[in-house]
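For reference, the chains in residue letters:
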Amino acid sequence: MSASPTVYSPGGIAIRSLSKRYGRGGGSSSKETPPYILKDVSLTIPRGEFHIFLGSSGCGKSTLLNIVAGFLQATEGNVLVDDKEVSRPGRDRGVVFQNADSAIFPWLTVAQNVGYGLRMGHTPKRQRLETVERCIRLVGLDGHEKKFPSELSGGMKQRVQIARSVANDPSTLILDEPFGALDAQTRKVMQDELIHVWKETGKTILFVTHDILEAVYLGQKVSIFTPGPEAHIQETVSIDSPYPRDLTSPDLGRTIKHIESFFEAPTAATQS
Amino acid sequence: MKISVALKPKTIAKPFIWLARKGWLTWILLLIVWWIGSLLSQPEYLPGPGQTLSGAKELVLNGTLAKYVGISLRRIFSGWFLGLLVAIPIGLIAGQFTFFRWIIDPLINFFRFVPAIAFLTLFLIWFGVGEGSKVVLIFYATLFPVVVNTLAGVLSIDPIKIQAARSQGASQFQVFWSVTIPASVPHMFTGIRLGLSSAIISIVAAEMLAAQEGVGYLIYTSRLYFRTDWIFVGIVVLGLIGFFSDRLLRLLGSTVLARFGTDTNS
Ligand SMILES: Nc1ncnc2c1ncn2[C@@H]1O[C@H](COP(=O)(O)OP(=O)(O)OP(=O)(O)O)[C@@H](O)[C@H]1O
Ligand SMILES: [Mg+2]
């Protein structure tokens, strides 16, 4: 295993020798120590990069993002976001959850949901309303400001989440399989929407998926996990094609083949 | 031929089914059973619908009924309202702070099995023969369903909601006000409804406490004059108070509070 070169980048994200095992902090009472889910994950993500995490189910992708978001503590190592060590959730890291019904507030209207973080941060009302309007327009929800979440479709709810995160002007957007629950059609639209938001705002994006095509369609970099436990990043693939991408192009076809080979190998081994 | 045979019971069945679904059929059947029962019995033992109605007329005409209902309503609603004022904060705080929950949990699980009526004499000694002891008794009866349900509401909040709020920059305190409280409104509302029924149920017990007026008092003292018809009037009135106040609460739940998810059809 070669250690990734520690390049200093102003801002961005640095994941440094991060390991995680679940279980009680002390652990002296239990004889069996729980296994490491993540082991020695190191990665540098420059500011403004669209970075994808790809891995088989249960390898620890959500665990990693939850540590970056500040919901979970690392067992060893740490994460720097804009040169500050992460210890708790904060408005510098916007999070878009897979389950929008859990994540947005059903008692607030679309506009109130989008303005939630600004209200908590005591942003002056005029500035808040302007930002809310701009973010709602950015995700194409204009005309739906006064609706309650129960009146929205799944895709629209995810737009609310994205707008809510962007309104707070974080440096980083963290998205854990945000489109996993959507139908193929809506999913495609939302992918283009996210690229649009990224281009407009220049945020660093951490995006988890286990769909290879989605990864290649969206990401500038795709980090591939080893299967767990003790998962780490086995390769980070760079994709330089401009957006919008055509997945049928020979260039991207090769990239897809290359990424697929990481997931076929263990199956082939067990078959032989 | 076949069609007309099939149609006939259908046309009879339609209003019949409507009556049954709306609950009217139940009342019609109950009235009939009550009436037949009363024919087979003595009026002091089981007064019929007619006797009860004339008993009610008597109470309405001399103004007793309106006065008693007013007094009982005041006791029920002040005890219930005070109960909510105390129980909702307790439930919220117990849900938020584990240590407080540890302290309060044994108390809740002990006293919720001790009915208000068990405290009858004690409340009389402690709070006197005036309104105080009666309101306290109803307050006590309201407390437990509201605390238990509010607490359950806080504990059942989706942790993702809290995480979302924290990532949006909300402090612990802001999360409590802007997420914990609104997200537990549906459970709280269930508690509030159960608390009200508990309060109404306890009015008879409350008015056994040296009361001179009230619907509970009417039921309790009518036995002394062998006015069983008045007891029936009191029972019907209590049922109606409960029915209509719950209707009112549910209306609140399906309008003002609907956005919190309180729109129930139960
Ligand atoms: N709270 C927890 N306590 C103990 N083990 C956990 C906990 N959360 C997750 N795990 C374990 O950690 C491993 C990684 O879980 P994680 O949710 O990060 O996977 P994932 O890569 O996001 O999977 P998926 O693609 O299915 O979402 C799994 O084996 C899971 O069983
Ligand atoms: Mg996951």
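Computed from a prediction, not measured in an experiment: that's the story for all the values here.

Caption draft 1: Seen up close, the domain arrangement of chain A. Residue and element names in this part refer to chain A. Domain boundaries in chain A define domain 1 (1-92 + 172-181 + 189-266) and domain 2 (99-169). When each unit is reduced to the centre of its C-alpha atoms, the spacing between domain 1 and domain 2 is 26 Å. Counting residues at the interface gives 13 residues for domain 1 and 14 residues for domain 2. Taken together, the two surfaces of domain 1 and domain 2 that pack against each other cover about 1,100 Å², and 62% of this comes from carbon and sulfur. Taking the shortest distance from any N to any O, the salt bridge between glutamate 193 and arginine 159 comes out at 3.0 Å. On the surface where domain 1 and domain 2 come into contact, there are 4 residue pairs in polar contact (both at pLDDT 80 or more). Of the residues in the side of domain 1 that touches domain 2, the class split is 7 nonpolar, 2 polar and 4 charged.

Caption draft 2: Main features of the packing of helix H8 (residues 159-167) of chain B against helix H9 (residues 172-183) of chain B. All names here are of chain B. Packing of H8 against H9 leaves a shortest axis separation of 10 Å and a crossing angle of 130°. The angle between H8 and H9 falls in the class oblique. As for how H8 packs across H9, the hand of that crossing is right-handed. Contacts from Lys161, Ile162, Ala165 and Arg166 in H8 reach Gln172, Val175, Val179 and Thr180 in H9. Taken together, the residues of the contact of H8 with H9 sort by class into 4 nonpolar, 2 polar and 2 charged.

Caption draft 3: Structural context of the sheet that holds strand S9 (residues 221-225) of chain A. All names here are of chain A. Here 6 strands make up an open sheet; going across it, the order is S6-S7-S8-S3-S9-S10 and the pairing mixed. Each edge of the sheet is formed by a strand with only one pairing partner; in this case those strands are strand S6 (93-96) and strand S10 (233-238). Ignoring strand direction, the axes of neighbouring strands in this sheet form an average angle of 20°. Alignment of S6 against strand S7 (residues 172-176), held across 4 bridges, turns out to be parallel. Opposite arginine 93, over in S7, you have threonine 172 as the bridge partner. Sitting on the sheet, helix H1 (residues 61-69) touches strand S3 (50-54), S6, S7, strand S8 (204-209) and S9, and the angle it makes with S7 is about 150°.

Cut-offs and rules
- Residues numbered from 1 in each chain as written.
- Chains lettered and ligands numbered in written order.
- Predicted model: local features only at pLDDT ≥ 70, side-chain atom pairs only at ≥ 80, totals over all residues.
- Heavy atoms only, no water.
- Domains from an automatic or database assignment.
- Contact = heavy atoms within 4.5 Å.
- Buried area = accessible area lost by both parts, 1.4 Å probe.
- Salt bridge = Lys/Arg side-chain N within 4 Å of Asp/Glu carboxyl O.
- Polar contact = N/O pair within 3.5 Å; in protein donor to acceptor, adjacent residues only side chain to side chain.
- Nonpolar A, V, L, I, M, F, W, Y, C, P; charged D, E, K, R; others polar.
- Axes fitted to C-alpha atoms, helices over the stretch in contact; angles between N-to-C directions.
- Helix = DSSP H or I, 4+ residues; strand = E, 2+ residues; numbered from the N terminus.
- Parallel < 35°, antiparallel > 145°, perpendicular 65-115°, else oblique.
- Left-handed = near helix turned anticlockwise from the far one by under 90°.
- Pairing = 2+ DSSP bridges.

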